[in-house]
Amino acid sequence: MRQALAAVVTALAVVLAGTPANAAVHSAAGPAPGSAGLGDSYFPDYGNGGYDVSHYDVRLRYWPDTDRLAGTTTILARATQDLSRFEFDFALSVTSVRVNGAPASYAREGAHKLVVTPARPVTDGQPLTVVVQYADTPSAVKVNGATAWARAADGAVAVGEPEIAWWWFPSNDHPRDKATFDVSVLVPDGTQVVSNGVMPAPAHRELPGWSRWNWRSVKPMATYLAFLAIGHYEIRTDVSVSGQPVVTAYSQNLGEYADAAHAAVERTSEVVDWESGLFGPYPFEARGGVVAPPGTIGFALEDQTRPVYSSKFWQGGANVYVVVHENAHQWFGDSVSVADWRNIWLNEGFASYAEWLWSEAQGEGTAQELFDYSYAAHPADDPFWQVKPGDPGARDPFDRAVYTRGAMALHQLRLAVGDEVFLRILRGWTENHRYGNATIEQFEEFAQGVSGKNLGALFATWLFTPGRPTLGATVTRAP
Ligand code: ARG
Ligand code: ZN
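A quick note: this is a predicted structure, and the numbers were derived from the prediction, not measured. (Residues numbered from 1 in each chain as written. Chains lettered and ligands numbered in written order. Predicted model: local features only at pLDDT ≥ 70, side-chain atom pairs only at ≥ 80, totals over all residues. Heavy atoms only, no water.)

Student: Quick rundown of the coordination of the zinc ion (ligand 2)? Include the residues and the values.
Tutor: Those donors, His325 (NE2), His329 (NE2) and Glu348 (OE), are the protein atoms that reach the zinc ion (ligand 2), and they lie 1.9 to 2.0 Å from it. On the basis of relative accessibility, which here comes to 6%, the residue His325 falls in the buried class. Overall, the relative accessible area of 1% leaves Glu348 in the buried class. (Donors = N, O, S within 2.8 Å, 3.2 Å for Na, K, Ca; no water. Buried < 20%, exposed > 50% of the residue type's maximum accessible area, 1.4 Å probe, protein only.)

Student: Which residues make up the confidence of the model for the chain, and what are the values?
Tutor: The predicted model of the chain averages 94 in pLDDT, with 92% of residues at 70 or higher. Considering only residues more than four positions removed or in separate chains, one finds that residues 4-27, a stretch of pLDDT under 50, has 25 contacts. Here the prediction assigns the complex a pTM of 0.93, and the interface score ipTM is 0.96. (pLDDT = per-residue confidence, 0-100. Contact = heavy atoms within 4.5 Å.)

Student: Kindly report on the sheet that holds strand β5 (residues 94-99), identifying the contributing residues and their values.
Tutor: The mixed open sheet is built from eight strands, whose spatial order is β6-β5-β9-β3-β2-β12-β15-β14. Of all the strands in the sheet, just β6 (102-103) and β14 (204-207) have a single pairing partner and so form its edges. The pairing of β5 with strand β9 (residues 127-136) spans five bridges and is antiparallel. Looking across to β9, one finds that Arg98 is bridged to Val131. (Pairing = 2+ DSSP bridges. Helix = DSSP H or I, 4+ residues; strand = E, 2+ residues; numbered from the N terminus.)

Student: I'd like a description of the site of ligand 1, backed by residues and values.
Tutor: Every residue lining ligand 1 is accounted for by Glu161, Phe299, Ala300, Leu301, Glu302, His325, Glu326, His329, Glu348, Phe398 and Tyr403. Within the side chain of Glu302, an N or O atom sits 2.8 Å from a nitrogen atom of ligand 1. Within the side chain of His325, one N or O atom sits 3.2 Å away from an oxygen atom of ligand 1. Protein chains shield 78% of the accessible area of ligand 1, which is 350 Å² for the free molecule. Each residue belonging to the shell around ligand 1 can be placed in one class, and the counts come to five nonpolar, two polar and four charged. (Near = heavy atom within 4 Å. Polar contact = N/O pair within 3.5 Å; in protein donor to acceptor, adjacent residues only side chain to side chain. Areas by Shrake-Rupley, 256 points an atom, 1.4 Å probe, with all protein chains shown as cover. Nonpolar A, V, L, I, M, F, W, Y, C, P; charged D, E, K, R; others polar.)

Student: I'd like a rundown of the packing of helix α5 (residues 345-361) against helix α6 (residues 367-377), residues and numbers included.
Tutor: Viewed as axis vectors pointing N to C, α5 and α6 meet at an angle of 125°, and their least axial separation amounts to 8 Å. Taken together, α5 and α6 sit at an angle that is classed as oblique. Here α5 contributes Tyr353, Trp356, Ser359 and Glu360 to the contact with α6, which in turn contributes Ala367, Gln368, Leu370, Phe371 and Ser374. Counted by class, the contact of α5 with α6 contains five nonpolar, three polar and one charged residues. (Axes fitted to C-alpha atoms, helices over the stretch in contact; angles between N-to-C directions. Parallel < 35°, antiparallel > 145°, perpendicular 65-115°, else oblique.)

Student: Go over α5, please, and point to the residues and values.
Tutor: In this model, α5 (17 residues) spans 23 Å end to end at C-alpha, consistent with the 24 Å of a helix rising 1.5 Å per residue. Burial analysis of α5 places 14 of its 17 residues in the buried class, the great majority of the element. (Expected span 1.5 Å × (residues − 1).)

Student: Give a description of the pairing of β5 that names residues and reports values.
Tutor: One ladder, built from two bridges, connects β5 with β6; its direction is antiparallel. Considered in β6, the bridge of Arg98 is made with Pro103. In textbook terms, the turn of a hairpin is the stretch between consecutive antiparallel strands, and for β5 and β6 this stretch comprises two residues, one of which, Asn100, has a positive phi near 45°.

Student: Lay out the sheet that holds strand β4 (residues 83-89) in plain terms, naming residues and giving numbers.
Tutor: Backbone hydrogen bonds hold the strands of a sheet together, and the pairing may be parallel or antiparallel. The four strands are arranged β1-β4-β8-β7 in an open sheet whose pairing can be described as mixed. Looking at which strands have only one partner, the edges of the open sheet turn out to be β1 (32-33) and β7 (105-109). Pairing analysis gives five bridges linking β7 to strand β8 (residues 113-117), with the strands arranged antiparallel. By the bridge assignment for β8, Tyr106 is matched with Val116.

Student: Break down the pairing of β9 for me, with residues and values.
Tutor: Alignment of strand β3 (residues 68-79) against β9, held across 10 bridges, turns out to be antiparallel. Its bridge partner being in β9, Leu76 is matched across the sheet by Thr129.

In structure tokens form, the structure reads like this:
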């Protein structure tokens, strides 16, 4: 499910990225290779051109003792041009590829591209059913010198942003191409598997000593938001006040962090209900959270319907802010996704500001106090102010400034337009772009339209200009 994009811009970016396979511009009729890369400003070779995925069916078997992962992913897609061949982002070893029933030839290109050449060219608009079989040891597969597949004593965790999918399923790995998912994993009895969405059927014994777990996501999902947690987990299932399935899962190896983790993650439904009151209807079919075993991930990620948390968030005791943050991303990031990774402020600035709003609602400190604190905590000569939240750069899109200065920018917007208009902007934004993609420029235009104020200077100052902004009026009435 791809958002429309300017083919010219993509083609140009691909040429600039210097991928030789795509340097040829086919103006004459006839099938051409789908581009490797969608021309993202930060990650030009992520994702692929020439087709649009609607569904991934990921069916795997996993051996925790050896980290062997084997299985089949079936990709349902539609060609968006005549294609001689096309690519997926994938790093594991492939054993066969079929396209619409016929064996296809395939080759690896670089560390994370799988080039598929169908027996016969594909025509624009044609439905594609691509079956990729593979087997590998994901923890040993490096892309740019590292793997994001995190092995644990009892299993593994596949959680990462923006790179994770290519260590467990072949995909069109860019948020612009969202799809629904079925994830099915066969694991040894006594091992649990948690993923996004709902369980269409309970886990069941399938082979002597092996059980299958099924998870289904029925709303469009960006590839980086699909996750796997395999291991020994305490799984709790419940139903929210609004009637939604709630699934929380806790590694059995949390030790002294276990109680504080439960105290925070068991508040997920309360947090989501509170956020729904601010941001509009919750966009997805289920809720929950997963606390990963120590030693796997050192961050939290807003995996769709079910954020995954490092246990480190509970080292210092209770902390519900990370739950507020990751669930705010369900609206800002998961439902409304970046059109380009350069727009990461649309995710992190908003999720961070949700924490300030929670603090204010809990009587733990107002957003103004938190703004004042953050402003004072970073003196004018602090390198913090050199990062532009609206364009932090590919080297570190997750720089703290995107979060903190990003939240400060939203506080300035709130001050400029007033609380009532500010909330109208947030709700209208999540409604207009639900399940889609968006840019910062679109947000600025929308905020200006709703408020009737000229916000150009405010956005330019807080998002796009290095240096510590001086506090004062940057807002005028729209002409
Ligand atoms: N989006 C995540 C968050 O909510 C950040 C993920 C950063 N990625 C990483 N590999 N550390 O803050
Ligand atoms: Zn975040």
